[in-house]
Amino acid sequence: MHRWSQLFIPTLREAPADAEVASHKLLVRAGYVRQLGAGIYSFLFLGNRSTQKIMNIVREEMDKIGQEFYLPALNPRELWESSGRWSAMGENMFRLKDRKGADLCLGMTHEEVMTDIARKELRSYKQLPQIWYQIQTKFRDEPRPKSGLLRVRQFIMKDAYSFDIDAAGLDASYQKHYETYCRIFDRCGLKYMVIDAHSGAMGGSQSQEFMVRTPAGEDQIVSCEKCDYAANLEKAISKVDPVEDLKSEGDGQPLEVHTPGQKTIEDVARFLGVSPKNKIKTLAMMVTESDGDAKAPKVRQRAVVLLMRGDHQMNEAKLSSAVAGKETRPMQEDEIRDLFKSPAGYLGPLGIDWATSITDQSKPMLLVDKALEGRSNLIGGANKEDFHVKNLTPGGNFHPTAYVDLRSVAAGENCPNCGAPLRMDTAVEIGHIFKLGYKYSDSMGARVLDRNGKEVAPIMGSYGIGIERILTAAIEQSNDENGFWLPTAIAPFDVVVVSANQKDEQIRSASESIANSLQSSGYDVLLDDRDERPGVKFKDADLVGIPFRINVGKKVTEDTVEVVRRSTLAREDVKISAISDYFLALKSA
RNA sequence: CGGGACGUAGCGCAGCCUGGUAGCGCACUUGCUUGGGGUGCAAGGGGUCGCGAGUUCAAAUCUCGCCGUCCCGACCA
């Protein structure tokens, strides 16, 4: 049993001025954390108790499917060179030199170290599958740390890695993690959802994120109320209602129309009396490509032009996938003139020699959004100031390099599975499971012998959970102006026993004995034995996230105390002799 | 990295425009008081005014540079 009077729980009446989101304000006010620098936080007594409980849950569940390791945060450069990520990680990686001048970095993730162990030690399919995990500190030099503990530069992650002999094995390891993650987040008492995620530059075939809805989050997620479809906006797809194409005009060949001063989609559509749905939006981008020479790569810029339906928005993550993760940026004015021979506002696909396939690197690419596939008689720019073109038909009078999905889903569009309207929410990512494939075993040279004595690369998965984000998300889900309440499993204490008046001997001793008996029944009890006025103690009790409170006051003369549930503030008189049973019943309920 | 704001006691802020004794609330210490929702009274302690340079007889205040923090954007395996 812990006595408040002996503890360091520095609660604040006011939130720090630079805290914006609820969890940040409350974590500081409740004395869980203190800030040391941008995206760097110290965990004090209560904060540490909570994250330790979270880690214990994670550990208990992970131990059922894997083995716990503990890897170094300090990594040599050569290791990261071997996977190609020393340069790929860019500025997000903290780098330092040792006294001999050798380069080191602080680990952002541990595919490299795990794969290094695997390549040195794993020899046979008989040793597979393996699931190795750790709970360890990660360092990422985020360009913009923000929102208290939501985006930080040093944080604790449970990261796990699986090694299997084949894709079926990976499926099984992945599924184990899926189920384990559900158990972990269920035990932590979170309301979460699992969504399809964008694979990003990690590649890989499948990836799902565990998300908690909250306005404080940074991710946009799309979900269907009717069925279980849910995806990150970076990945989400939807059904679009069919659009009636315009009738061809004249001989059906591209037909220039004078559109003086009409530059935007809306202007042109209004001017010509058509819907933006019959217009083509032309986006001019440049992609940075290298020739793949690892030692002295030649880098060059190449034009990539995107065509979208006039009323659709381009999604950067989808574009990134379409160009295999290469860097893209909008074209500058002179680059636009070079390619289109026209000012912006009148750009279109005609008159340019486009690459005929994705593999043809010699010409500019024309990527057309799938929503335009099969459409006809669209209106686009003429590549000539003050002119647009009618009768544009993809695959007819111009030929896309490829049709790809580039479109951002919008709220209210139709679910790809069941057709019901989709909703959009912001959310915070608390876990991510990932089929990596052969990326690291290939690049780093991990090999085992298969059943036929043939050398093969093991197939990998990686799986992460943000420990502090579980705490933060729980607070975002359950707070009011007076504080927050955590699920019992991750709260620093199960119950706080508030002695309303330490000077009243009967109240004081009743508080002691209640706290003692609950503690010996297996609850984590905090006894507020401070010589403070009751109001101060109640305010603090409401603030610090403990789910239950027992008020010990004047009613002790009737052998009665008051149990307050923080989430609802519902209170109930309970006989002192029945208090253990009362909590026992709660636990089994 | 681009745009914006801020930096004065542990926390929240005023003072700066118009240069001249550094102030308020909370917290803290001591005493009394009070005892079911941040009790009241009194007396105290605590500040290189982010750092550095410049202007001036004199700088928290004006000028320049740097650092730090937050917000928007870019970015975010």
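Residues numbered from 1 in each chain as written. Chains lettered and ligands numbered in written order. Predicted model: local features only at pLDDT ≥ 70, side-chain atom pairs only at ≥ 80, totals over all residues. Heavy atoms only, no water.

Novice: What is the right way to look at the overall build of chain A in this model?
Specialist: Secondary structure assignment for chain A yields 14 helices and 33 strands. Along the longest, intermediate and shortest principal axes, the C-alpha atoms of chain A span 100 × 65 × 45 Å. Residue pairs at least 24 apart in sequence account for 69% of intrachain contacts in chain A once pairs closer than 6 positions are excluded. Averaging the positions of the 77 positive and the 83 negative side-chain charges in chain A gives two centres separated by 1 Å. (Helix = DSSP H or I, 4+ residues; strand = E, 2+ residues; numbered from the N terminus. Contact = heavy atoms within 4.5 Å. Lys, Arg positive; Asp, Glu negative; His and termini not counted. Charge placed at Lys NZ, Arg CZ, Asp CG, Glu CD.)

Novice: Quick question: what am I supposed to make of the environment of Leu246 here?
Specialist: Here Leu246 lies in the loop between β13 (230–232) and β14 (255–258). Judged by relative accessible area, which is 25%, Leu246 ranks as partly exposed. Separated by 132 residues in sequence, Leu246 and Leu378 have C-alpha atoms that sit 7.1 Å apart. If near-sequence neighbours (up to four positions away) are discounted, Leu246 is found in contact with Val274, Asn278, Ser376, Asn377 and Ile379. (Buried < 20%, exposed > 50% of the residue type's maximum accessible area, 1.4 Å probe, protein only.)

Novice: Help me understand the confidence of the model for chain A in this model?
Specialist: Caution is warranted with low-pLDDT regions, since their predicted coordinates should not be read in detail. Confidence in the prediction for chain A averages 92 pLDDT; 97% of positions are at 70 or higher. The ipTM, which scores confidence in the relative placement of chains, is 0.94 for this predicted complex, and the corresponding pTM is 0.91. (pLDDT = per-residue confidence, 0-100.)

Novice: Mind showing me how you'd approach the sheet that holds strand β6 (residues 95–97) here?
Specialist: Pairing between the strands of a sheet is mediated by backbone hydrogen bonds and can be parallel or antiparallel. The strand order across the open sheet built from three strands is β5-β7-β6, with neighbouring strands paired in antiparallel fashion. Strand pairing shows two members of the sheet lacking a second neighbour, β5 (74–76) and β6, which therefore form its edges. Strand-to-strand, the axes of this sheet are offset by a mean angle of 40°, without reference to chain direction. As defined by bridge partners, β6 adjoins strand β7 (residues 103–106) across three bridges and the pair is classed as antiparallel. Bridged to Arg95 within β7 is Cys105. (Pairing = 2+ DSSP bridges. Axes fitted to C-alpha atoms, helices over the stretch in contact; angles between N-to-C directions.)

Novice: I'm lost on the sheet that holds strand β19 (residues 378–381) in this one. Help?
Specialist: On the basis of which strands lie adjacent, the open sheet formed by three strands has the order β14-β20-β19 and antiparallel pairing. What marks the edges here is a single partner per strand, and that holds for β14 and β19. For this sheet, the mean inter-axis angle between neighbouring strands, taken without regard to orientation, is 35°.

Novice: Looking at this structure, how should I read the pattern of salt bridges?
Specialist: Where charged atoms from two side chains of opposite charge approach closely, those side chains can pair. This structure, assessed with the given rule, holds 45 salt bridges. Here Arg85 ties to Glu112 by a salt bridge, and the two come within 2.7 Å at their closest N and O atoms. With Arg85 in helix α4 (residues 85–88) and Glu112 in helix α5 (residues 111–121), this pair connects stretches of sequence that are 27 residues apart. Residues Arg85 and Glu112 agree in their burial class; the two are buried. Linking Arg530 and Asp528 is a salt bridge whose minimum nitrogen-to-oxygen distance equals 2.9 Å. (Salt bridge = Lys/Arg side-chain N within 4 Å of Asp/Glu carboxyl O.)

Novice: What is the right way to look at the packing of aromatic side chains in this model?
Specialist: In this description, a pair of aromatic rings is defined by centroid distance and the angle of the planes. Summed over all chains, the structure comprises 14 aromatic pairs. Here Phe69 and Trp132 contribute two aromatic rings whose centre-to-centre distance is 5.0 Å and whose plane-to-plane angle is 25°, an arrangement assigned as stacked. Taken together, the residues span a long stretch of sequence, with Phe69 in the loop between β4 (67–68) and β5 and Trp132 in strand β8 (residues 130–139) at a distance of 63 residues. Overall, Trp132 belongs to the buried group, its relative accessible area being 5%. On the numbers, 5.4 Å between centres and 45° between planes, the contact of Phe185 with Phe210 is tilted. (Phe/Tyr/Trp six-rings, centres within 6.5 Å; stacked < 30°, edge-to-face > 60°.)

Novice: Quick question: what am I supposed to make of the side chain of Arg85 here?
Specialist: Classification of Arg85 by relative accessible area gives buried; the value is 6%. A polar contact is formed between the side chain of Arg85 and the side chain of Glu112, at a distance of 2.7 Å. (Polar contact = N/O pair within 3.5 Å; in protein donor to acceptor, adjacent residues only side chain to side chain.)

Novice: Mind showing me how you'd approach helix α1 (residues 22–29) here?
Specialist: Residue pairs spaced three or four apart in an α-helix point in one direction, given the helix's 3.6 residues per turn. Among the eight residues of α1, six are classified as buried, and the element is accordingly described as predominantly covered. Along α1, the positions that sit buried rather than exposed are Ser23, His24, Leu26, Leu27, Val28 and Arg29. Those residues of α1 that are buried lie in contact with β2 (33–37), β3 (40–43), α11 (467–477), β26 (479–480), β27 (483–485) and α13 (534–543). Residue Gly31 follows α1 closely and has a positive phi angle near 75°.

Novice: Honestly, the nonpolar core in this entry has me stumped. Any pointers?
Specialist: Across soluble globular proteins, nonpolar side chains show a tendency to be buried alongside one another. The biggest cluster of nonpolar side chains holds 61 residues, and the ones touching the most others in it are Tyr32, Phe185, Leu190 and Leu486. Viewed by domain, this core spans two of them, domain 1 (17–71 + 107–236 + 424–475) and domain 3 (493–588), each represented by three or more residues. (Core = buried A, V, L, I, M, F, W, Y, C linked by side-chain atoms within 4.5 Å. Domains from an automatic or database assignment.)

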